[in-house]
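Structure at a glance
Here is how the chains run, residue by residue.
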Amino acid sequence: MDVETTANCTCLNLRKASRAVTQFYDEAFKPVGLRVTQFSLLALVANKGPAGMKELAKFLVMDRTTLTRNLKPLIDQGFLVVIKSDDRRQRPIAITSRGRNRLAQALPLWREAQNRVVANLGRETWVGLLQSLSATVSATTHE
């Protein structure tokens, strides 16, 4: 096996980039006590309105077990709530007023971090990156 070739592994390089970007955004969110994954979930639920676990997991390309694990701290802190439903298979998640307040505190920090990333990459490279990442998701998901 040519081990040097594995340095070009798509997964390895995406995971390295993902860890670096995650660390960058996590640092930006420290003043409000959120991690970027939590910010993303709050923003997603705020934008979609009450959304089911299946819908959230599909949008995030995440299995439900991982999604549940990521939602738990946000529910425990009162930022999100599971809406009771007659259908036990449905568990819509909604953002609370406390969650909206935390999201409002985090948005300026996100904008600052986002603007730094775009400035450091250059707008053209950033747009290309988003297109490439979207294409990568499409190329590797089974739907």
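Residues numbered from 1 in each chain as written. Predicted model: local features only at pLDDT ≥ 70, side-chain atom pairs only at ≥ 80, totals over all residues. Heavy atoms only, no water.

Some details on the layout of surface pockets
- A volume near 2100 Å³ is recorded for the largest pocket.
- The wall of the largest pocket is formed by 36 residues, among which S18, T22, S40, L60 and L133 lie closest to the centre.
- Elements supplying a minimum of two residues to the lining of the largest pocket: helix 1 (10–29), helix 2 (36–48), helix 3 (53–60), helix 4 (64–76), helix 5 (97–121) and helix 6 (123–140).
- Considering every element that reaches the lining of the largest pocket, the biggest residue donor is helix 1, with nine residues. (1 Å grid on protein atoms, 1.4 Å probe; cavity = no way out; pocket = protein on both sides within 12 Å on 5 of 7 lines; lining within 4 Å. Points joined across faces, edges and corners; volume = space filled by probe spheres on them. Helix = DSSP H or I, 4+ residues; strand = E, 2+ residues; numbered from the N terminus.)

Side note on the packing of helix 5 against helix 6
- At a minimum axis distance of 6 Å, the contact between helix 5 and helix 6 shows a crossing angle of 105°. Classed by the angle they form, the pair helix 5 and helix 6 counts as roughly perpendicular. Touching Q114, V118 and L121 of helix 5 are R123, T125, W126 and L129, all from helix 6.
- Along the lines of polarity and charge, the residues of the contact of helix 5 with helix 6 split into four nonpolar, two polar and one charged. (Axes fitted to C-alpha atoms, helices over the stretch in contact; angles between N-to-C directions. Parallel < 35°, antiparallel > 145°, perpendicular 65-115°, else oblique. Contact = heavy atoms within 4.5 Å. Nonpolar A, V, L, I, M, F, W, Y, C, P; charged D, E, K, R; others polar.)

Observations concerning the pattern of salt bridges
- Tallying each qualifying case throughout the model produces four salt bridges.
- One salt bridge connects R35 with D26, and the closest N-O pair in it is separated by 3.0 Å. (Salt bridge = Lys/Arg side-chain N within 4 Å of Asp/Glu carboxyl O.)

Here we look at the confidence of the model for the chain
- For the chain, the mean per-residue pLDDT works out to 93, and 97% of the residues sit at or above 70.
- Of all the helices and strands in the chain, helix 3 carries the lowest mean pLDDT, 92, while helix 5 carries the highest, 98. (pLDDT = per-residue confidence, 0-100.)

Here's the deal with the environment of D86
- Considering the arrangement of structural elements, one finds D86 in the loop between strand 1 (80–82) and strand 2 (93–95).
- Among the residues examined, D86 registers a relative accessible area of 84% and is labelled exposed.
- Once the C-alpha coordinates of D86 and M62 are considered, the two residues, 24 residues apart in sequence, prove to be 25 Å apart. (Buried < 20%, exposed > 50% of the residue type's maximum accessible area, 1.4 Å probe, protein only.)

What to know about unusual backbone geometry
- Located in the positive-phi region is V61, a residue other than glycine, with phi close to 55°.
- A relative accessible area of 51% places V61 in the exposed class.

As for helix 4
- Taking 1.5 Å of rise per residue, the 13 residues of helix 4 would be expected to cover 18 Å, and the 18 Å separating its terminal C-alpha atoms lies within 8% of that figure.
- Of all bends in helix 4, the biggest is about 25°, found at N70, and the proline P73 comes one to four residues later.
- Among the residues of helix 4, those classed as buried are L67, L71 and L74.
- For helix 4, the N-terminal capping position is held by D63, with its side-chain oxygen 3.1 Å away from the main-chain nitrogen of T65.
- With its phi angle positive at about 80°, G78 sits one or two positions after the end of helix 4. (Expected span 1.5 Å × (residues − 1). Bend = angle between axes of the 7 residues up to and from the residue. Polar contact = N/O pair within 3.5 Å; in protein donor to acceptor, adjacent residues only side chain to side chain.)

Things to note about the side chain of Q114
- Within the fold, Q114 resides in helix 5.
- Here Y25 takes part through its side chain, which lies 2.5 Å from a polar atom of the side chain of Q114.
- In this structure Q114 touches Y25 and W126, once residues within four positions along its chain are discounted.

Description of a nonpolar patch on the surface
- A cluster of nonpolar side chains, contributed by L14, L121, L129, L130 and L133, occupies part of the molecular surface with about 370 Å² of accessible area.
- A per-element tally of the nonpolar patch places helix 6 first, with three residues.
- Examined against the element boundaries, L14 turns out to sit in helix 1. (Patch = residues over 30% accessible without salt bridge, like charges linked within 9 Å, V, L, I, M, F, W, Y side chains within 5 Å. Areas by Shrake-Rupley, 256 points an atom, 1.4 Å probe, with all protein chains shown as cover.)

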